[in-house]
Every structure is written in structure tokens, then in C-alpha cells.
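Here are the chains, one letter per residue:
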Amino acid sequence: MVRPLEGVRVITVEHYGAGPFGTGHLAAMGADIIKIENPHAKGDSSRHVTPHLLGENDSQFFQTLNQSKRSLTLDLKQPEGQEIMRRLAKSADGMMNNLRGDQPAKLKITYEHMKDANPALVCAHLSAYGREGSRATWPGYDYLMQAETGFMTITGEPEGPPTRMGLSIVDWMTGTTTVLALISAILKARETGEGCDIDCTLFDTALYQMTYPATWYLNEGDVTPRLPRSAHPSMVPSQLYTAKDGWIFLMGLTPKFWKIICEKTDRMDLFDHPDYLDFPARKTNAAALNAILDSVFAVKNIQDWVDLFAGFVPIGPVYDLPAAMENDFLKEREMIHSFDHPVKGQVRVIANPIKIDGQRLPTTRAPGLGENTEEILREIGYVDDDIAALRDKGAV
């Protein structure tokens, strides 16, 4: 497979989640991702996330987010480390980090610091709150963003406490947004010969994802509430319903879907009923309608309803993690990928969601700490004696 980012090189000072998730997309698409890791801190902190460690300085968490990258151990606080970064910059299209907002300038990895080494370099900065302003020195994580931007107050049951999403969705979206901006700026820099700084924050990305509830509030003062059973804020039926053996999620988001639901459940009396005639009426009378639908769906099993509605109405079973991972549809979609690992033998992970010409993107295991240090240093002109001296000084 010829992957679209072959020939693109990105140097990344990244750790834990958001940055590695984003550059993971670039690596899968063929970019050479050189991951800078601190030799004195045992590398990326996610190498040590439990449970399921994989020997020294490795974990299944780390393997999830860092496939197909190369690892270079480097102390950026030493002059020698800075010189190596400048040499790397000459051969790179982009440089990315997900550090606290005040750190890129201190470590001299901004465009201002790097442009004389490579005027076309694009420097992308992913931080919690930005490199400027009152919170530039603040650390921050996904869950804090969900709390402050309103996610938690529209998630969960109405009678429960504010609730975070089950995954670090702000991390994943910010990583993806940052690399979208990075690649876009690289395309422009290749055309003009002039790079730039790119900034993307967890806070801004979380806020941006508030989308239409934010628009409704900003223009109408409309506050989107938490609704029972993960219901849509305006469309009915669109929520969890109780089948005989568990939960289904049904989404009747168009008049056509509502008619099909009534036809296939033999409840055309609901379709003609004035209380449920259109979306405003169904929204007004949602409690009564949902009680009726619960009684309808309770007489059959999940799979019966999925089989009945499949291809006609959006419907899905609600699976726990084991059922979700053992779903036969994952095999059909080729969404389970595996690679060899020196400790585990074989590691199974979710495949990248992108396909090229119908094929899944191939990936290899994440690198050991500093595994590629010598080969990368040789690529930028260092010889064996130089490398030995750098190791003696603790610069690499």
C-alpha cells in the first residue's frame, strides 16, 4: 500500500494521550513520527500505565497509542539536546508537542526558535489552555474540560450527578484536530516555504464540541437538559428502550423512520394519533409515548428487534465491553489488528478507522524506549564517537 503521508516527517515531544493519539493517525498514514522521550524520566509516562505492563518501560496503554513510530531519547534541557533538535528540524516538515502551555518556549520548540533552522517548519502546540493568557502555566486534563465546558451537565440521568463520558473523548478529538491543522499547514508551507505556529487546546476543542446546544443557548437562552435514557434533546423516539433481555437504542429521526417503527410493531394507531402525529407532538408527549414503546419492545429479545428493523430504521444493541469486542461485525469490518511484541508475543488492538482503496492501514508495534536513537542520530550526521559522547553526557 502506498500511504499518503509517506515522505512527511514530524518530530513530536508528546506524552500520555492527546498528542500520541493524534500523531498515531499520521503514523498509520505513513508519516515518519520521531517521538522524543526524556531519558531521565523513563520516557513517555504512558509506558508505565497499569494494568497490563509489558516488561520494562512498556504497557498495553502505550502500545495502543504509539504504533508505527520511532523513539529517540533526548534531554532538551542540555545544549547538545537542543542541537540535535535543530538538526532534526532541518529534515522535518512538522514539530508537535502536547506540553503545558508555557513549556514550548522554555524548551525552544516554537517556530520563532526553529525557523532559522528550517523556515518551512510547522510547529504545532497542543496544550490544556493555550500558550498565552492567564492559564498558560496551568496543567489540565480531559475530565477537567468536560467539567468546565458543560459536557458533564448534559451527560447522564437527570436525577444523577454531572457525569463524564466513559472515554477521554476530549483528548482524542483534540489530538485529531491538532494533526488536521498540522497537515493543513504543512501543505501550505510546502507551497510557500514559510512555516508557522499552530495552537490547539483541550479547552477550546471541548467547547467547540458543544455545537448546537451552545448555539441554542447563545441565541435563545435555551438550556439543553439531561434527559432520561440518553434521549435526544428534541427528537422522539430516539433513546434507550428496554427489550426482553436488555437494552436497545432506537432512533426515529425522520417521519419515514417513525412510520416504519409503527408499521413493524403493528402500532399504526400511534402513527395516526394526534398526540404523536409529528416531532413537536411527540416531544410534548414523550413520557407517554416512551412508556408505550417500552411495553412494545419488552416482548421480544434484542436480536429480534435488530433483525426486524435492520436496514429500515437506525437501531443498535447496547453491548458491554466483552460483547462489543466479540461482535462478529468487527471481523467483517477487519477492525481487530494484531502485531508481534517481544514480551507479549502478539498484541491485539483496534485497527485505525481509515481505509485506503478498501484496505486497512498496516501498523507495527510501538517502539521500545530509545529504540531508534542511534539510527536517527546517524540519519542527521552523527557518527559512533559522537553518539558515545552524547550518551556519556546523558544528552540522549
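Above this text you will find the structure in question.
Residue positions within a chain follow its written sequence, with the count starting from 1. Residues qualify for local features only when their pLDDT is at least 70, as the model is predicted, and side-chain atom pairs are given and counted only at 80 or more; totals for whole chains, interfaces and linings, by contrast, use all residues. To obtain the side-chain values, all non-hydrogen atoms of the structure were used and water was disregarded.

Trainee: Got a sec to walk through helix 13 (residues 286-297)? Specific residues and values, please.
Mentor: The secondary structure listing takes helices from DSSP runs of H or I that are at least 4 residues long and strands from runs of E that are at least 2 residues long, numbered from the N terminus. Residue count minus one, scaled by 1.5 Å, sets the expected span of a helix. Relative to the 16 Å expected for twelve residues at 1.5 Å per residue, helix 13 spans 16 Å between its end C-alpha atoms, a close match to the ideal helical length. Think of it in three bands: residues with accessible area under 20% of the maximum for their type are buried, residues over 50% are exposed, and the middle band is partly exposed, with areas taken using a 1.4 Å probe on protein chains only. If you check which residues of helix 13 are buried, you get A286, L289, N290, L293, D294, V296 and F297. For helix 13, the angular spread of buried residues about the axis comes to 160 degrees, placing them on one side. Buried-residue contacts for helix 13 involve strand 7 (238-243), strand 8 (246-251), helix 10 (255-264), helix 11 (268-272), helix 12 (279-284) and helix 14 (302-309). Note: the arc covers the axis-to-C-beta directions of the helix. By definition in these notes, contact holds between two residues if any of their heavy atoms fall within 4.5 Å.

Trainee: Could you give an account of the nonpolar core, with specific residues and numbers?
Mentor: Grouped together as the largest cluster of nonpolar side chains are 31 residues, with contacts concentrated most on L26 and L182. Contributing elements (two or more residues each) for this core: helix 1 (18-28), strand 5 (122-127), helix 7 (169-192) and helix 8 (202-208). The element contributing the most residues to this core is helix 7, with seven residues. Excluding residues within four positions of it along the chain, L182 makes contact with V10, L26, G94, M96, V122 and A124. Core analysis: the second largest hydrophobic core is formed by 29 residues, I36, M85, L377 and I387 among them. Residues belong to one nonpolar core when they are buried, are Ala, Val, Leu, Ile, Met, Phe, Trp, Tyr or Cys, and are joined through side-chain atoms within 4.5 Å.

Trainee: Kindly report on the sheet that holds strand 2 (residues 32-37), identifying the contributing residues and their values.
Mentor: Spatial ordering of the open sheet is given by 3-2-1-4-5-6, a layout of six strands whose pairing is parallel. In this open sheet, the two strands that pair with only one neighbour each are strand 3 (70-73) and strand 6 (196-201). Direction aside, the axes of adjacent strands within the sheet are offset by 20 degrees on average. Strand pairing requires that DSSP identify at least two bridges connecting the strands. Judged from the four bridges that link them, strand 1 (residues 9-13) and strand 4 (residues 94-97) form a sheet pairing that is parallel. Counterpart to T12 in the pairing with strand 4 is M96. Axis angles are defined between N-to-C directions and span 0 to 180 degrees, where every axis is a line fitted to C-alpha atoms and, for a helix, only to the segment in contact.

Trainee: Could you give an account of the layout of surface pockets, with specific residues and numbers?
Mentor: Method remark: on a 1 Å grid restricted to protein atoms, a set of points is classed as a cavity if a 1.4 Å probe fits but cannot get out and as a pocket if it is open with protein on both sides within 12 Å along at least five of seven lines; lining residues have an atom within 4 Å of a point. Grid points are joined across faces, edges and corners, and a volume is the space filled by probe spheres set on the points. Roughly 1600 Å³ of internal volume is contained in the largest pocket. Considering the residues around the largest pocket, the lining is formed by 38 residues, among which T64, M325, V349, I350 and A351 are closest to the centre. The space that makes up the second largest pocket amounts to roughly 780 Å³. What lines the second largest pocket is a set of 33 residues, among which E14, H15, N98, L99 and R100 lie closest to the centre. For the lining of the second largest pocket, the secondary structure elements donating two or more residues are strand 2 and strand 5.

Trainee: Break down the sheet that holds strand 8 for me, with residues and values.
Mentor: One open sheet accounts for three strands, arranged 7-8-9; its pairing is antiparallel. Two strands in the sheet have a free side with no partner beyond their single neighbour: strand 7 and strand 9 (315-317). Each strand of the sheet is rotated relative to its neighbour by a mean of 25 degrees, with strand direction disregarded.

Trainee: Can you explain the side chain of N97? Please cite residues and give values.
Mentor: Mapped onto the elements, N97 comes out in strand 4. For N97, a relative accessible area of 2% gives the class buried.

Trainee: Account for the packing of helix 1 against helix 7, with residues named and values stated.
Mentor: At a closest axis distance of 7 Å, the pairing of helix 1 and helix 7 adopts a crossing angle of 50 degrees. By the criterion of interaxial angle, the relationship of helix 1 to helix 7 is oblique. In the crossing of helix 1 with helix 7, the sense of the turn from one axis to the other is right-handed. Of helix 7, the residues touching helix 1 (which contributes A18, F21, G22, T23, H25 and L26) are D171, W172, G175, T176, V179, L182 and I183. For the contact of helix 1 with helix 7, the per-class residue count stands at seven nonpolar, five polar and one charged. Oblique is the label for any angle not under 35 degrees, not over 145, and not in the 65 to 115 range, which are roughly parallel, roughly antiparallel and roughly perpendicular in turn. Each crossing is labelled by how the near helix is turned from the far one, with a counterclockwise turn of less than a right angle marking it left-handed and a clockwise turn marking it right-handed. For this classification, the nonpolar set comprises Ala, Val, Leu, Ile, Met, Phe, Trp, Tyr, Cys and Pro, the charged set comprises Asp, Glu, Lys and Arg, and every other residue, Gly included, is treated as polar.

Trainee: I'd like to hear about the packing of aromatic side chains, residue by residue, with values.
Mentor: The description of an aromatic ring pair rests on the distance of the ring centres and on the angle between the ring planes. Aromatic rings from Phe, Tyr and Trp, taking only the six-membered ring of Trp, are treated as a pair when their centres fall within 6.5 Å; an angle between ring planes under 30 degrees marks them as stacked, one over 60 as edge-to-face, and anything in between as tilted. Per the stated rule, a full pass over the model turns up nine aromatic pairs. Ring geometry for F297 versus F309: centroids 6.5 Å apart, planes at 75 degrees, classification edge-to-face. Note that F297 is positioned in helix 13 and F309 in helix 14, a separation of twelve residues in sequence. Three or more aromatic residues joined by ring pairs make a cluster, and in this case those are Y241, F297, W305 and F309. Positioned above the aromatic ring of Y129 is the side chain of R135, whose terminal nitrogen or guanidinium carbon lies 5.0 Å from the ring centre. We call a charge positioned above a ring when the Lys NZ or Arg CZ atom is no farther than 6 Å from the ring centre and deviates by at most 35 degrees from the ring normal.

Trainee: Quick rundown of the pairing of strand 3? Include the residues and the values.
Mentor: Both faces of strand 3 are covered, namely the face carrying R70 and L72 and the face carrying S71 and T73. Summarising the sheet, strand 2 and strand 3 pair through four bridges and their orientation is parallel. Paired with I36 across the bridge in strand 3 is L72. Look down the strands so they point away from you; if the path from the first strand over the helix to the second goes clockwise, the crossover is right-handed. In this region the chain leaves strand 2, passes through helix 2 (residues 60-65) and returns to the parallel neighbour strand 3; the handedness of that crossover is right-handed.

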